[in-house]
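So the chains spell out like this:
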Amino acid sequence: MEEKETSYHVPVMLDESVKGLNIQEGGIYVDVTFGGGGHSREILKRMDSDGELYGFDQDADAEHNIPDDSRFVFVRSNFRYLYNFMRYHGVDGEVDGLLADLGVSSHHFDDKDRGFSFRFDGALDMRMNTRAGQTAADIVNNYTEEALADVFYLYGELKVARRLASLIVRTRENKKIETIGDFLELVKPFTGKDKEKKFLAQAFQALRIEVNDEMRALKEMLQQTLQVLKPGGRLVVITYHSLEDRLVKNFLKTGNFEGKSEQDFFGNVQTPFRMVNNKVIVPSDEEIERNPRSRSAKLRIAEKKGKKEN
């Protein structure tokens, strides 16, 4: 089982994130990004026999990594439905800690059939849930020029978003853009040797975020943590790019996604969380060397405010 997980994905900041959950005897925990199961297995190691762990993942591939442990419940769903499933299992408002590792696993980047990486040719897919939803090819072939420009600008932060969208629309009039190779050929006018990888990384990120509705799903999940976590419960989140990190930071510090602080009569910021680490935690040099994908990771830990039960 360990061999399988290692080949699927090397968990980022494993000790720091699991330690941030402050695991209690008989506690209830949720890993909303189960993936290869690395974080979940570490949580199980630190729980006692009365503990419960729920792991969420919409990707069918992740089901091969489910641990053989009676304390673990696998939820085949996107984490945007967190509250519904916790309520179904009768533990809404009782969760002691929730972990979210928002990075795309190395398994997805290394699987040429999933379409997440520009290193391989194949279908332009990028769906986390291959059983439903539109693909990246559907987006580039069907979105209006304006909608495409918004995707590449907002989610890829590409300055040439409008020009790229215009080129896509002109190209697809003659031939559908169905494969990674088709897309790479199309974007050649924008990629010189010095900036090719950065441009493609931004373009692919934009399409992946749109395909999987990642920003809206993240917002919905974060809002639902207020319903499922008990007072004193920990929320541990690992982010990888500025878009998601901004949402997480604002939500934890102010209780909203715009970062607008509301203060009481005494000037105290009204937020449902208390930051456990006021300074963001980043991976060590040793971890980055061992796992280059962790380079851009940021770890934030917060605790839900409210009166704890004795």
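Residues numbered from 1 in each chain as written. Predicted model: local features only at pLDDT ≥ 70, side-chain atom pairs only at ≥ 80, totals over all residues. Heavy atoms only, no water.

Undergrad: Looking at this structure, I do not really get the overall build of the protein chain. What am I missing?
TA: A tally of helices and strands in the protein chain yields 13 helices and seven strands. Within the protein chain, buried positions represent 52% of all 310 residues. Restricting to contacts in the protein chain with at least 6 residues of sequence separation, those with at least 24 account for 67%. Surface exposure of the protein chain reaches about 15,600 Å², of which carbon and sulfur atoms provide 46%. (Helix = DSSP H or I, 4+ residues; strand = E, 2+ residues; numbered from the N terminus. Buried < 20%, exposed > 50% of the residue type's maximum accessible area, 1.4 Å probe, protein only. Contact = heavy atoms within 4.5 Å. Areas by Shrake-Rupley, 256 points an atom, 1.4 Å probe, with all protein chains shown as cover.)

Undergrad: Explain the UniProt feature "binding site: S-adenosyl-L-methionine" (unreviewed entry) in the protein chain here, please?
TA: UniProt marks Gly 37, Gly 38, His 39, Asp 57, Phe 79, Asp 101 and His 108 with the feature "binding site: S-adenosyl-L-methionine" (unreviewed entry), using the numbering shown here. Positionally, Gly 38 belongs in helix α3 (residues 38-46). Note on placement: His 39 falls in helix α3. Under the relative-accessibility criterion, His 39 is labelled buried at 5%. Look past the residues within four positions of His 39 in its chain and what remains in contact with it is Pro 11, Val 12, Met 13, Leu 14, Ser 17, Val 18, Asp 31, Leu 99, Asp 101 and Ile 238. (UniProt positions renumbered as here; feature names shortened; annotations may be inferred.)

Undergrad: Can you walk me through the pairing of strand β7 (residues 298-304) in this structure?
TA: For a regular strand, side-chain orientation follows a simple rule: the groups alternate between the two sheet faces. Here β7 lies mainly inside the structure; six of its seven residues are buried. Taken together, the six bridges between strand β5 (residues 229-239) and β7 define a ladder with antiparallel strand orientation. Within the sheet, the bridge partner assigned to Leu 235 lies in β7 and is Ala 302. With three bridges joining them, strand β6 (residues 273-275) and β7 adopt antiparallel strand pairing. Across the sheet, Met 275 pairs through a bridge with Ala 302, a residue of β7. (Pairing = 2+ DSSP bridges.)

Undergrad: Looking at this structure, how should I read helix α7 (residues 145-154)?
TA: The periodicity of an α-helix, 3.6 residues per turn, causes residues three or four places apart in sequence to face the same way. Every buried residue of α7 is listed here: Leu 148, Ala 149, Val 151 and Phe 152. Buried residues along α7 cover an arc of 160° about the axis, so they all sit on one side. Among the exposed residues of α7, those pointing more than 90 degrees away from its buried face are Glu 146 and Tyr 153. Considering only its buried residues, α7 is in contact with α6 (136-142), α8 (161-172), α9 (180-186) and α10 (196-211). (Arc of directions from axis to C-beta.)

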